[in-house]
Amino acid sequence: MTDEPDPKLPPALQRDLRRMFGPQVRIPAAVDAQLAAAARRRRLRPVWLRPVLVAAAIVLLALPLVFTWLRQSATTTAIAREDFDRNGRVDVLDAYRLALALQRGQSVPATFDLDGDGRVDAHDADRIAARAVRIGG
Amino acid sequence: MTRLLLTLLLCWFGASAGVAPQEPGSPTFAAFDVFVDSGNKALGAWQFEWVVKAGNAKIVGVEGGAAAAFAQAPYYDPAALQSGRIVIAAFSTQKDLPVGRTRIARVHLLIGSGASPQFEVQLHACADGQGEPLAATVAWQKMESK
C-alpha cells in the first residue's frame, strides 16, 4: 500500500483527504511559548491599567468639580464686574472710588470699561451708580 | 365808588379761582427733605433707601440737595417711581463738599386717603471726600403739602 491517492478519486476529495489526514504543521516551541506568554499577560493585566477605563473614571470624578468651579466662577464674575472696591457688594462707593481714581490719574483695570467704549471714564462710574440703585437687583 | 366795588368784585373772583376746593380724602402731594449729618468731615458720597412702611403713598419724584456738590438729581431707578420703595444715591468729586448737616435730596410723594403713611429711611453707604467710609446719620422732614 502506498500514500499515493487513488487516481480514481475526484481531485476535490483527494484534497480534502490530504487536509484531514495529511501531515500536521508543527509550530516551533519558541513561537508557541511566546504566544502563550502574550495571552497570559493580556489575561492578567489589571483593570486600572486599561487606558479607556482610566480616562472614563477621571472624567466621572472630575465632572462635579468642574461644575462647582464653573458656578462659583460665574457668580464671582457677576459681582466683580461693578464691585470696584471688591467688598462683595455694589453700592455708590464703588462708583465714587472709581471716579476718584480717575480724577487722581490712577491706573484702572480695563475690566471696568462697563459700557464697552474702549476706555474707563466717568460714564463707567455712572453705570456703577445706576447699578447700585437698581430695584430688584 | 363803582370802581372800588368793581375792584373788590374782581379780587373776590380771583381769590375763588386760586383756591380750588379740596375734596375730602383726595390724594395730596408732599415733599420730604432728607438730611445727612457728616459731623466735621466732608460728605463725598451717600446712598439711602426710602421705604413706605404703611399707608397709601407712592414716590413720584426725586430732587437733588442743597449743596452745590449734590444739587443735581441723584441716581435712582426710574422703575421705582410709583412704588413705595426707592434707593437714591449720589457722589461728588468736587473740591467744595458740604460738612455737617446738609440736605442731600428731596423726595416727592403722592399720598392717598386713609391713615397717615409711615416711612423708613436707611443710610446704606456714606463716604468722605477721600472715599473712606463715614459714620453719618440720616434724617427726614416733611416740607410742604399742595
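Now for a quick tour of the structure. Please read all numbers here as calculations on a predicted model, not as lab measurements.

As a further point, take the overall build of chain B. Of regular secondary structure, chain B possesses one helix and eight strands. Secondary structure elements of chain B occur, N-terminal to C-terminal, as α-β-β-β-β-β-β-β-β. Expressed as a percentage of contacts within chain B between residues at least 6 apart in sequence, the contacts between residues at least 24 apart total 79%.

All names here are of chain A. Close contact between helix 4 (residues 92-103) and helix 5 (residues 122-132) brings their axes to 7 Å; oriented N to C, the two are set at 170°. Comparing their axes, helix 5 and helix 4 come out roughly antiparallel. Seen from helix 4, the contacting residues are Val 92, Asp 94, Ala 95, Leu 98, Ala 99 and Leu 102; seen from helix 5, they are Ala 122, Asp 124, Ala 125, Ile 128, Ala 129 and Ala 132. Looking at the contact of helix 4 with helix 5 residue by residue, the class counts come to 10 nonpolar, no polar and two charged.

Strand order in this open sheet of four strands is 4-5-2-7 (chain B), and the pairing throughout is antiparallel. Both edges of this open sheet fall to strand 4 (75-76) and strand 7 (118-127) of chain B, since each of them pairs with a single strand only. Sheet topology places strand 2 (residues 45-54) of chain B next to strand 5 (residues 85-91) of chain B; seven bridges connect them, and they run antiparallel. In the sheet register, Trp50(B) faces strand 5 of chain B, and the bridge partner there is Ile86(B). Contacts from helix 5 of chain A reach strand 2, strand 4 and strand 5 of chain B, with the element oriented near 155° to strand 5 of chain B.

Criteria and cut-off values
- Residues numbered from 1 in each chain as written.
- Chains lettered and ligands numbered in written order.
- Predicted model: local features only at pLDDT ≥ 70, side-chain atom pairs only at ≥ 80, totals over all residues.
- Helix = DSSP H or I, 4+ residues; strand = E, 2+ residues; numbered from the N terminus.
- Contact = placed C-beta atoms within 7 Å.
- Axes fitted to C-alpha atoms, helices over the stretch in contact; angles between N-to-C directions.
- Parallel < 35°, antiparallel > 145°, perpendicular 65-115°, else oblique.
- Nonpolar A, V, L, I, M, F, W, Y, C, P; charged D, E, K, R; others polar.
- Pairing = 2+ DSSP bridges.

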